[in-house]
Amino acid sequence: ISGCSPLLVTFEDQSLNKPTSWSWDFGDGIFIPGGPNPSKIYLTPGKYTVILAVTNASGTDTLRIREYITVHPAPKTGFAADDTVGCFPHTVKFTDTTSQITGYTNTTWEWNFGDGATSNSQHPTHTYTASGNYKVTLKVTNDKGCSKAVSKDSYIKVSSGVVAGFTKSAPNIC
């Protein structure tokens, strides 16, 4: 009844006296006729009041539980780098730009720099030691255990640089 968006909740009817029909309101204001054990996916963070109306030959009864379901938001993860193109060894300072959601605290950061290296620092610095185009991923988790990852393909571009060279050759003498 509490978790991160998207939250799948399966409801189980525990009504007495053998209902013959069920009408559910999952907190979004729309009554849905259905069976005794429906499922609902909550996408939008918030608190939801759930209403169940059951009917049998004797009449109808309704149960309302206020703020029964709590859906927590995932962080709005984002990041930036100070220098996305360079020659190796190329050192990049990454900055977590994840939005702080009111009432929640971001607690963990999981960086993958695309070259096999990782970090759990909020604002890490990483040195790339080989040429290539690197996908960078950041996953941020908040104090409710909700997380979201964002990736940027080919975000860091590292080259070996230009190497000048020449050869000396003797002129042909006949």
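Above this text sits the structure in question.
Just so we're clear, the structure is a prediction, and the values are computed from it rather than from any experiment.

Trainee: What am I meant to see in the nonpolar core here?
Mentor: For soluble globular proteins, the rule of thumb is that nonpolar side chains tend to be buried together. Counting residues in each nonpolar core, the largest one holds 15 residues, and the members touching the most others are Phe79, Phe94, Trp111, Tyr128, Val136, Tyr155 and Ile156. Looking at this core, the elements that each hand over two or more residues are strand E8 (79-81), strand E10 (90-96), strand E11 (106-112), strand E14 (132-142) and strand E15 (147-159). Per-element accounting of this core gives the leading share, four residues, to E14. Setting aside chain neighbours within four positions, we find phenylalanine 79 in contact with Phe94, Thr95, Asp96, Thr97, Trp111, Val136, Leu138, Val150, Lys152 and Tyr155. Formed by 13 residues, the second largest nonpolar core is a distinct cluster that contains Leu7, Val9, Trp22 and Val54.

Trainee: How do you make sense of the pairing of strand E2 (residues 7-10) when you look at a structure like this?
Mentor: If a strand is regular, its side chains alternate between the two faces of the sheet. Side chains of E2 alternate between two faces, with Leu7 and Val9 buried and Leu8 and Thr10 left unburied. Pairing of E2 with strand E5 (residues 39-42), which is carried by four bridges, proceeds in the antiparallel orientation. Paired with threonine 10 across the two strands is serine 39, which belongs to E5.

Trainee: Please explain the packing of aromatic side chains as it appears in this structure.
Mentor: Here a ring pair, both rings aromatic, is described through the centre-centre distance and the interplanar angle of the planes. Applying the stated criterion across every chain, the model contains 10 aromatic pairs. Look at phenylalanine 11 and phenylalanine 26: their rings are 5.1 Å apart centre to centre, the planes differ by 35°, and that puts the pair in the tilted class. Linking phenylalanine 11 in the loop between E2 and strand E3 (21-25) with phenylalanine 26 in the loop between E3 and strand E4 (31-34), this pair joins segments that are 15 residues apart in sequence. With relative accessibility at 3%, the residue phenylalanine 26 sits in the buried group. Between phenylalanine 94 and phenylalanine 113 the ring centres are 5.2 Å apart and the planes differ by 35°, which places this aromatic pair in the tilted class.

Trainee: It is not clear to me how unusual backbone geometry should be interpreted in this structure. Could you clarify?
Mentor: Peptide bonds are trans in most cases, and residues, glycine excluded, mostly fall at negative phi. Cis geometry is adopted by the peptide bond preceding proline 6, which originates at serine 5 and carries an omega value of -5°. Assignment of secondary structure puts proline 6 in the loop between strand E1 (2-4) and E2. The peptide bond linking phenylalanine 88 to proline 89 adopts the cis configuration, its omega dihedral lying at -5°. By secondary structure assignment, the location of proline 89 is in the loop between strand E9 (85-87) and E10. Despite not being glycine, asparagine 17 has its phi angle at roughly 65°, a positive value. Examined against the element boundaries, asparagine 17 turns out to sit in the loop between E2 and E3. Judged by its relative accessible area of 65%, asparagine 17 is exposed. A positive phi is found at lysine 18, a non-glycine position, where the angle reads about 50°. Here lysine 18 shows up in the loop between E2 and E3.

About the cut-offs
- Position labels on residues start from 1 in each chain and follow its written sequence.
- Under the rules for a predicted model, residues below a pLDDT of 70 receive no local features and side-chain atom pairs below 80 are neither given nor counted, while totals for whole chains, interfaces and linings still include all residues.
- By convention in this description, side-chain values take in all heavy atoms of the structure and omit both hydrogens and water.
- Nine residue types can take part in a nonpolar core, namely buried Ala, Val, Leu, Ile, Met, Phe, Trp, Tyr and Cys, and a core is a set of them joined through side-chain atoms within 4.5 Å.
- Working definition: with a 1.4 Å probe on protein chains only, accessible area under 20% of the residue-type maximum means buried, over 50% means exposed, and in between means partly exposed.
- In this description a helix means any DSSP run of H or I spanning at least four residues, a strand means any run of E spanning at least two, and both kinds are numbered starting from the N terminus.
- Should any heavy atoms of two residues lie within 4.5 Å, those residues are counted as being in contact.
- By the convention used here, strands pair only if DSSP detects at least 2 bridges between them.
- Between the rings of Phe, Tyr and Trp (Trp by its six-membered ring), a pair exists once the centres lie within 6.5 Å; its type follows the angle of the planes, with under 30 degrees stacked, over 60 edge-to-face, and the other angles tilted.

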